[in-house]
Amino acid sequence: MENTRNKEYYISEFKKTEQSMNGEASSAFHQIRKQAIARFDEMGFPTVKNEDWKYTNVKQLFDFDFTGGSAGVVTKKDVDALHIKGLNENIIVLVNGVYSEKLSYIKKQNSGIIIENLNSVLKNNPELVLEHIGKYASIENGFTALNTAFAKEGTVIFIPDNAEVKGHIHILNITGEAGKHILTQPRNLIVTGKNTKVNIIESYHSTGIEENFVNAVSEVVVGENSSVEIYRLQQENSGSFHINRTQAVQARNSVFTHYSVTLGGGLVRNDTNVLLDAENCTGNLYGLYLTEGSQHVDNHTLIDHAKPHCQSNEMYKGVLNDNSRGVFNGKVFVREDAQKTNAYQSNKAILLANTATIDTKPQLEIYADDVKCSHGAAIGQLDDEAVFYLRSRGIGADLAKTVLIRAFANDIFETIENEAFHEHLNNLVFEKLG
Amino acid sequence: MLTVKDLFVRVEDKEILKGINLEVNAGEVHAIMGPNGSGKSTLANVIAGKDGYEVTGGSVTMDGMDLLDMSPEERAREGVFLAFQYPVEIPGVSNATFLKTALNEIRKHKGLEELDAMNFLKFMREKMKVVGIDEKLINRPVNQGFSGGEKKRNEIFQLQMLQPKLAVLDETDSGLDIDALKIVSNGVNLFRSKENAVVVVTHYQRLLDYIIPDFVHVLVDGRIVKSGGKELALELEEKGYDWVINPEPAAATV
């Protein structure tokens, strides 16, 4: 019952937003929003009674009345500090959830390519949005419903057949404002045609120490013979909430590679799902999370093998310190049609403190008979013998631990093809552990 | 250089070392021999600073420094080196990175400039020749997938790289065939100098055919029961440890 008050808060916020709209309230897109708020009204926020949310209680969210913020709190200098060295960046900056044209920089791209804020695509090319939005990330819980109801800001990336994208695309989300609790609900739509390749970095940061709430949804369509790589980096402050849903759908001969890196945030829940919807696809889901204090990081993944001759590789690794808590729930679904599937899943965690915990649940559901599927889960501690070995060679205790943790994460690092991101992440990991 | 005085050590509730005295001077090689379970490895581990050993009496000093009061890394930086009986595999850390980190930590401690990648590589190549270690092993994760012999050779390679003052070799001969034994011994012999010292812990005499000790001590049940020159090792080989454990029959023949 406790979440009724909060449900009502968001519904009344929706009504307020609606009243301030002019002609837009009658647009086709707004009808999608209205359906979504109705769904939200039915569902509310998930509770721990829901099996998918068993280990993640979101009721702390109800302690805050989240609102929008202003754009002026971030300067060019702040953005430059978050630039990833060595990347050839198109930078898209969202400040408190709102696109900042002033702080963004998008290269002149080949014709037909769209890298633009959702709000402006809704004005210039609403058909494109209507064709795809909500078609992949169906509304399964209150968070996706809420995001859809408020969908306005976010990034649309559209790449037509055979078009070559110049540079990497870095979507930078910076949230926070003194004395306020900010809610941002970015809605990203990434649609690629045939024979394309795109490399996207999606990073989330806080300014200040206030608790904020990011509720993000991304829908990704990977076109035939195309490759989409997404690096999601969560670095918010330790009081922040981040609920993220990413849903990818793959066409024939495509490769989708997703990295979920969580270094910050107070309560983080990621649902990263991929549907291998045609033959000969490869889906790669990698995750790395380093937690401390009272951080709570929940990674739910779903790899849905719908068609034959596809492969998936999933590897998540976590290092948990203090009272932090991790959850890993990895579902691999191999449907009856999906013969010759090759699915590999591994998830490993190191607990650095007795008070850190992890709940891990691999779930394989296989309905085809000619498949190769494997999964493994391991939870352990740092190897004392290895720590002593390093120390006996003159390496200090703290550095020895850092070296071993970095080594534990090495399997993930080895898969990272984007060298600039590889280097950036390496530095972040050493910084966080140092 | 190394002075062990009346050292008593417990592991959990069991007394392992019961009053060890040992004086090792610069330029000397001492062999500690003894049957299984006599406390040889305990002595080696206590000198290096491994956890899990409770020193209940006595002292261990190196050039006047109280080793027991120092962390393992401080001891290593001051020049203590333990060649492990069972070198640890560390997936994800290359041998080269590991050694560069260790060497530079030691250099920093000594107030020396850290070696850059170029100079480190040059230095490492020289040392690789000394120990005859394959470049492939250098780029692999530390000890991962190494054969027993390769692991031991890697220990001696580290000894050559880090150039400590005091090297303690814990059963370095175990698991080595005769060719590997010669290579490893050669690495140790090249390390020997007037400025440093070596303590060789071994069950068998055969390593001492290649690393000729100046002194041999026999450790039985936590005590050094006999000390002598290199010929003591040969005598032990011939007569077995029973000869020192139950000396009565031997005494009767004198």
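Residues numbered from 1 in each chain as written. Chains lettered and ligands numbered in written order. Predicted model: local features only at pLDDT ≥ 70, side-chain atom pairs only at ≥ 80, totals over all residues.

Engineer: When you look at the overall build of chain B in this model, what are you seeing that I'm missing?
Structural biologist: Helix and strand content of chain B: 10 helices and 12 strands. Whereas a compact globule of 254 residues would reach a radius of gyration of roughly 18 Å, chain B reaches 18 Å, a difference of no more than 12%. For chain B, the spread of C-alpha atoms along the principal axes amounts to about 65 × 40 × 35 Å. The long-range share in chain B, meaning contacts at least 24 apart out of those at least 6 apart in sequence, stands at 70%. (Helix = DSSP H or I, 4+ residues; strand = E, 2+ residues; numbered from the N terminus. Rg over C-alpha atoms; globule rule 2.2 N^0.38 Å. Contact = placed C-beta atoms within 7 Å.)

Engineer: Would you mind going over the overall build of chain A with me for this structure?
Structural biologist: Broken down by element type, chain A carries 10 helices and 20 strands. Expected size for 434 residues packed as a compact globule is a radius of gyration near 22 Å; at 21 Å, chain A falls within 12% of this value. Looking at chain A residue by residue over its 434 residues, the buried ones come to 49%. For chain A, contacts bridging at least 24 residues in sequence account for 83% of all contacts bridging at least 6. (Buried ≥ 20, exposed ≤ 12 C-beta atoms within 10 Å, placed from the backbone.)

Engineer: How should the environment of Met33(B) be read in this particular structure?
Structural biologist: Residues and elements named next belong to chain B. Along the polypeptide, Met33 turns up in strand S3 (residues 29-33). With 27 C-beta atoms counted inside 10 Å, the residue Met33 sits in the buried group. Spatially, the C-alpha atoms of Met33 and Lys226 are 9.9 Å apart, while their sequence positions differ by 193 residues. Residues contacting Met33, with those up to four places away along its chain left out, are Thr202, Val216, Val218, Leu219, Ala233 and Leu236.

Engineer: Before we go on, may I ask you to explain the packing of helix H3 (residues 95-109) of chain B against helix H6 (residues 148-162) of chain B in this structure?
Structural biologist: Each pair of packed helices can be summarised by the angle the axes make with each other and by the distance between the axes. Residues and elements named next belong to chain B. In the contact formed by H3 and H6, the axes pass within 10 Å of each other and the chain directions differ by 35°. The way H3 lies across H6 gives a crossing that is right-handed. Along the contact surface, H3 presents Asn95, Leu99, Ala102, Leu103 and Ile106, while H6 presents Asn154, Gln158, Met161 and Leu162. (Axes fitted to C-alpha atoms, helices over the stretch in contact; angles between N-to-C directions. Left-handed = near helix turned anticlockwise from the far one by under 90°.)

Engineer: Hey, could you run me through the sheet that holds S3(B) in this one?
Structural biologist: In a beta sheet, neighbouring strands are held together by backbone hydrogen bonds and run either parallel or antiparallel to one another. Residues and elements named next belong to chain B. With respect to topology, six strands assemble into an open sheet ordered S6-S9-S10-S3-S11-S12, the strand pairing being mixed. At either margin of the open sheet sits one strand with a lone partner, and together these are strand S6 (80-83) and strand S12 (223-228). On average, each strand axis in the sheet is inclined to that of its neighbour by 20°, with strand direction left out of account. One ladder, built from four bridges, connects S6 with strand S9 (residues 166-170); its direction is parallel. Paired with Phe81 across the two strands is Ala167, which belongs to S9. On top of the sheet, helix H1 (residues 40-48) reaches S3, S6, S9, strand S10 (197-202) and strand S11 (215-220); it is set at about 145° to S9, its chief contact. Contacting S6 and S9, H6 crosses the sheet at an angle of about 165° to S6. (Pairing = 2+ DSSP bridges.)

Engineer: For this particular structure, what's the right way to read the nonpolar core?
Structural biologist: Side chains of nonpolar character tend, in soluble globular proteins, to be buried together. Residues Val93(A), Ile47(B), Phe81(B), Ala83(B), Val168(B) and Val200(B) are the most contacted members of the largest nonpolar core, which totals 178 residues. When residues in this core are grouped by element, the largest group, seven residues, is from strand S9 (residues 213-222) of chain A. Built from parts of two domains, this core gets at least three residues from each of domain 1 (68-382) and domain 2 (383-434) of chain A. When sequence neighbours within four positions are dropped, the list of residues in contact with Ile47(B) reads Val60(B), Leu67(B), Val80(B) and Val168(B). (Core = buried A, V, L, I, M, F, W, Y, C linked by C-beta atoms within 7 Å. Domains from an automatic or database assignment.)

Engineer: Mind showing me how you'd approach helix H8 (residues 397-408) of chain A here?
Structural biologist: One turn of an α-helix holds 3.6 residues; hence residues three or four places apart share an orientation. Here H8(A) spans 17 Å end to end across 12 residues, near enough to the 16 Å set by a 1.5 Å rise per residue. Ala400(A), Val403(A), Leu404(A), Ile405(A), Ala407(A) and Phe408(A) are the residues of H8(A) that are buried. (Expected span 1.5 Å × (residues − 1).)

Engineer: Help me understand helix H2 (residues 28-43) of chain A in this model?
Structural biologist: Along its 16 residues, H2(A) runs 23 Å from first to last C-alpha, staying within 8% of the 22 Å computed at 1.5 Å per residue. The first or second residue beyond H2(A) is Gly44(A), which carries a positive phi of 65°.

Engineer: Where do I start with the sheet that holds strand S5 (residues 168-175) of chain A in this structure?
Structural biologist: All names here are of chain A. The mixed open sheet is built from 10 strands, whose spatial order is S2-S1-S5-S8-S10-S12-S14-S16-S18-S20. What marks the edges here is a single partner per strand, and that holds for strand S2 (98-105) and strand S20 (372-380). Strand-to-strand twist across the sheet, computed as the mean angle between neighbouring axes with direction ignored, equals 10°. In the sheet, strand S10 (residues 227-235) pairs with strand S12 (residues 255-262) via eight bridges, with the strands oriented parallel. Paired with Tyr231 across the strands is Tyr259, a residue of S12.

Engineer: Would you take a moment to explain the interface of chain B and chain A for this structure?
Structural biologist: Bring the parts together and some accessible area is lost; that lost area is often taken as the interface size. The interface of chain B with chain A comprises 21 residues on the first partner and 15 residues on the second. Every element with two or more residues in the side of chain B that touches chain A is listed here: helix H2 (72-78), strand S7 (90-94), H3 and H6 of chain B. Along the lines of polarity and charge, the residues of the side of chain B that touches chain A split into 12 nonpolar, four polar and five charged. (Nonpolar A, V, L, I, M, F, W, Y, C, P; charged D, E, K, R; others polar.)

Engineer: It is not clear to me how the pairing of strand S13 (residues 267-276) of chain A should be interpreted in this structure. Could you clarify?
Structural biologist: The side chains of a regular strand alternate between both faces of the sheet. Residue and element names in this part refer to chain A. Counting buried positions over the 10 residues of S13 gives 10, a clear majority of the element. Neither face of S13 is exposed, since Leu267, Arg269, Asp271, Asn273 and Leu275 on one face and Val268, Asn270, Thr272, Val274 and Leu276 on the opposite face are all buried. The sheet contact formed by strand S11 (residues 241-250) and S13 spans 10 bridges and is parallel. What sits directly across from Ala248, in S13, is Val274.

Engineer: I'm lost on the domain arrangement of chain A in this one. Help?
Structural biologist: Residues and elements named next belong to chain A. Taken as a whole, chain A is organised into domain 1 (68-382) and domain 2 (383-434). Here domain 1 and domain 2 have C-alpha centroids that lie 25 Å from each other. Contact residues are listed per partner, giving 18 residues for domain 1 and 20 residues for domain 2. Mapped onto the side of domain 1 that touches domain 2, the elements with two or more residues apiece are strand S8 (197-206), S10, strand S14 (282-291) and strand S16 (311-320).

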